[in-house]
Amino acid sequence: MPTTLIVGATRGLGAALATAYADVGHTVYATSRSSSPPSSPSHPNITWIPSIDIATESAGTALASALPPHAIVDNLIVTAGYFVSETFDEPHWSEQVTMYTTCAVGPLFAVQALVQAGKIKTTLAGTGDTEGGKVVLVSSESGSIGLRHQKEGGGNYAHHASKSALNMVGKLLSLDLKERGITVAIVHPGFMRTDMTKNVGYDQYWDSGGAITPAEAASSLMPFIESFTLDMTGEFWAPRGATDIGTAEDVMGKNLPAPLQLPW
């Protein structure tokens, strides 16, 4: 039975993925920031690991220690994120620090701690594995410098830039982990109807922007992860294509395929 670890699973895409993987028979470990396991999502295949805040320095080592001794992860999916809206006139120093820490710094330390603890499947000599595990970093098309365009303007500096930083973290991790057979995928799962996008006012664009539910995003992301191979490691993809990326045709042209590899 495959093992999937989801960091940030109490709501949105993380919650949808936890349920979906549990439904297909995976052993799912799911993290929450709360000190007590949440009541939802609930499933016999889901084991909650509480008190994991990706924005803290100790989160990675705490997570590695909390996993059972026998647990070796096939899929590590980091969905944790933080988004506070900003304009040029009103940037937010402390919120920027939190966004960068949550979206780019924390994921690196979590992956590093899990790999060093031997908690992610590898192909190193003596393990007997034929293929390694997969690390999936949930980024956003907003982190693509190449897709930024005048028609969408500026603003939201730390959210977008922290996702760009996450993309670089993923690329560098892919170089460090390739010899272990661990694949690193960086993905834009789609523009989603979540509390996070609603809280920054993006719900006004849900209909016009083709926003999808977290369950819909999970349903397209899971087969993409399954098909993602070591020769693709370190690449940035939109499994659903360009349907919800407003600048894609301006930058990349028309009749774009799905899945779609995105520019950095």
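An unreviewed UniProt entry lists the protein under the name Short-chain dehydrogenase/reductase family protein, with Favolaschia claudopus given as the organism.

Draft legend 1. Representation of the sheet that holds strand E6 (residues 183-187) within the structure. In space, the 8 strands of this open sheet follow the order E3-E2-E1-E4-E5-E6-E7-E8, with mixed pairing throughout. Two strands in the sheet have a free side with no partner beyond their single neighbour: strand E3 (46-49) and strand E8 (260-261). Here strand E1 (residues 3-7) pairs with strand E4 (residues 75-78) via 4 bridges, running parallel. Residue pairing in the sheet places leucine 5 in a bridge with leucine 76 of E4. Of the strands in this sheet, E1, strand E2 (27-31), E3, E4 and strand E5 (134-138) are in contact with helix H1 (residues 12-23), which crosses E1 at around 170°.

Draft legend 2. Up close: the packing of aromatic side chains. Inspection of every chain in the model, using the stated rule, returns 6 aromatic pairs. Seen in terms of ring centroids, phenylalanine 224 and tryptophan 237 are 5.9 Å apart; in terms of plane orientation they differ by 45°. Their pairing is tilted. Separated by 13 residues along the polypeptide, phenylalanine 224 in helix H6 (residues 214-227) and tryptophan 237 in strand E7 (residues 236-238) bring together distant segments of the chain. Note on accessibility: phenylalanine 224 and tryptophan 237 belong to one class, buried. For the pair phenylalanine 236 and tryptophan 264, a centre-to-centre distance of 5.8 Å together with 20° between the ring planes defines the contact as stacked. Here the residue phenylalanine 236 occupies a position in strand E7, and tryptophan 264 occupies one in the segment after E8, the gap between them amounting to 28 residues. Grouping aromatic residues by their ring pairs yields a cluster made of Phe83, Phe191, Tyr202 and Tyr205.

Thresholds applied
Residues numbered from 1 in each chain as written. Predicted model: local features only at pLDDT ≥ 70, side-chain atom pairs only at ≥ 80, totals over all residues. Heavy atoms only, no water. Pairing = 2+ DSSP bridges. Helix = DSSP H or I, 4+ residues; strand = E, 2+ residues; numbered from the N terminus. Contact = heavy atoms within 4.5 Å. Axes fitted to C-alpha atoms, helices over the stretch in contact; angles between N-to-C directions. Phe/Tyr/Trp six-rings, centres within 6.5 Å; stacked < 30°, edge-to-face > 60°. Buried < 20%, exposed > 50% of the residue type's maximum accessible area, 1.4 Å probe, protein only.

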